[in-house]
Amino acid sequence: MFDLWCHILRRRSHSVLWLMSSHPSVIRNLRFEASARGIHPDRLIFSPKMPTDHHLSRLTCADLALDTHPYGGHTGTSDALWSGLPVLTLVGDTFASRVAASLLKATGMDDLIARSEREYIDIALRMIDNPKATVDRHFQLEARRHHAPLFDIKAYTKAFEEMLLTLTCKNSPETI
């Protein structure tokens, strides 16, 4: 993934990669690896872990979240989407590599699901090249926050209760 991210950074010299870490050796190693891939180390921006409300607030400052692979985002992707931050994911064959895609589908952002490394890069570059479309994505996510299936807790609760009732009725002695 780091190779893909550096490829994107090489193609768009005005972009930066914002990562969460405050551990000096992680920062040093990633900056070294970026430099080895032709990226100026200062284009990697590091932020420390913060309380959730502060973290969610700072996510609004980013343009696009780049998901990891083969183990993709779970809570982090949900947090980003809740904050109005579009997420780009590379879907895989395992549960761990498909969660972010499911979350994106539940917010109507299916076109941010890449099926290959090439597509991942192409989508990222299109998003970088079209800041207005990226800002529109932020607004779409904010508008969908309270009625998209991912965040509609009332609809989820109702569906879950109905599923439990169906299972209970199918397994009750009266129906045997």
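Residues numbered from 1 in each chain as written. Predicted model: local features only at pLDDT ≥ 70, side-chain atom pairs only at ≥ 80, totals over all residues. Heavy atoms only, no water.

Enquirer: Sorry if this is basic, but what is going on with the nonpolar core here?
Expert: Note on soluble globular proteins: their nonpolar side chains tend to be buried together. With 40 residues, the main nonpolar core has Phe2, Leu44, Leu81, Leu88, Leu104 and Tyr120 as its most contacted residues. The residues touching Phe2, leaving out its near neighbours within four places in the chain, are Leu17, Leu30, Glu33, Ala34, Arg37 and Leu44. (Core = buried A, V, L, I, M, F, W, Y, C linked by side-chain atoms within 4.5 Å. Buried < 20%, exposed > 50% of the residue type's maximum accessible area, 1.4 Å probe, protein only. Contact = heavy atoms within 4.5 Å.)

Enquirer: For this particular structure, what's the right way to read the sheet that holds strand β5 (residues 113-114)?
Expert: Backbone-to-backbone hydrogen bonds pair the strands of a sheet. The strands run either parallel or antiparallel. If you trace the 3 strands from one edge of the open sheet to the other, you get β3-β4-β5, paired in parallel fashion. The sheet is open, and its two edges are formed by β3 (65-66) and β5, each paired on a single side. Pairing of β3 with strand β4 (residues 87-90) involves 2 bridges; the strand directions are parallel. The residue bridging Ala65 from the neighbouring strand is Val87, located in β4. (Pairing = 2+ DSSP bridges. Helix = DSSP H or I, 4+ residues; strand = E, 2+ residues; numbered from the N terminus.)

Enquirer: Explain the packing of helix α6 (residues 117-129) against helix α7 (residues 131-144) here, please?
Expert: To characterise two packed helices, one gives the angle between the axes of the helices and the distance between these axes. Two numbers describe how α6 lies on α7: the axes approach to 5 Å, and their chain directions differ by 95°. Judged by the inter-axis angle, α6 sits roughly perpendicular to α7. In this structure, α6 uses Met127, Ile128 and Asp129 to contact α7, whose residues at the interface are Pro131, Thr134 and Arg137. Per-class residue counts for the contact of α6 with α7 are 3 nonpolar, 1 polar and 2 charged. (Axes fitted to C-alpha atoms, helices over the stretch in contact; angles between N-to-C directions. Parallel < 35°, antiparallel > 145°, perpendicular 65-115°, else oblique. Nonpolar A, V, L, I, M, F, W, Y, C, P; charged D, E, K, R; others polar.)

Enquirer: Explanation requested: the packing of helix α1 (residues 2-11) against α6 in the structure shown.
Expert: At a closest axis distance of 10 Å, the pairing of α1 and α6 adopts a crossing angle of 40°. As far as their axial angle goes, α6 and α1 are oblique. Crossing of α1 against α6: the hand is right-handed. Residues Leu4, Trp5, His7, Ile8 and Arg11 of α1 lie in contact with α6, whose contacting residues are Glu117, Arg118, Tyr120, Ile121, Ala124, Leu125 and Ile128. (Left-handed = near helix turned anticlockwise from the far one by under 90°.)

Enquirer: Just to check I follow, could you spell out a nonpolar patch on the surface for this structure?
Expert: A cluster of nonpolar residues, Ile153, Tyr156, Phe160, Met163, Leu164 and Leu167, forms a patch on the protein surface that exposes about 580 Å² of accessible area. What makes Met163 partly exposed here is its relative accessible area of 35%. (Patch = residues over 30% accessible without salt bridge, like charges linked within 9 Å, V, L, I, M, F, W, Y side chains within 5 Å. Areas by Shrake-Rupley, 256 points an atom, 1.4 Å probe, with all protein chains shown as cover. Salt bridge = Lys/Arg side-chain N within 4 Å of Asp/Glu carboxyl O.)

Enquirer: Sorry, what's going on with the side chain of Asp67 here?
Expert: Locating Asp67 in the fold gives a position in the loop between β3 and α4 (75-82). As a buried residue without a salt bridge, Asp67 has its nearest oppositely charged side chain in Arg98, at a separation of 11 Å. A polar contact is formed between the side chain of Asp67 and the backbone nitrogen of Gly73, at a distance of 2.7 Å. Sequence-distant contacts of Asp67, defined by excluding residues within four places in its chain, comprise Met1, Trp5, Gly72, Gly73, Thr77, Val87, Leu88, Thr89, Ala100 and Tyr120. (Lys, Arg positive; Asp, Glu negative; His and termini not counted. Polar contact = N/O pair within 3.5 Å; in protein donor to acceptor, adjacent residues only side chain to side chain.)

Enquirer: How should the pairing of strand β1 (residues 17-20) be read in this particular structure?
Expert: Regular strands place their side chains on alternate faces of the sheet. Of the two faces of β1, only one is covered, namely that formed by Leu17 and Leu19; the face formed by Trp18 and Met20 stays uncovered. The pairing of β1 with strand β2 (residues 44-47) spans 4 bridges and is parallel. Bridging from a neighbouring strand, Leu17 pairs with Leu44 of β2. Remark: the β1/helix α2 (residues 24-36)/β2 crossover connection has right-handed handedness. (Right-handed = clockwise from strand over helix to strand, strands pointing away.)

Enquirer: It is not clear to me how α4 should be interpreted in this structure. Could you clarify?
Expert: Note on helix geometry: an α-helix contains 3.6 residues per turn, so any two residues three or four positions apart are oriented the same way. Among the residues of α4, those classed as buried are Thr77, Ala80 and Leu81. The buried side chains of α4 occupy one side of the element, clustering within an arc of 95° when seen end-on. Considering only its buried residues, α4 is in contact with α3 (52-59), β4, α5 (99-105) and α7. Phi turns positive, to about 90°, at Gly84, one or two residues after α4. (Arc of directions from axis to C-beta.)

Keep in mind these numbers describe shape, not what the thing actually does.
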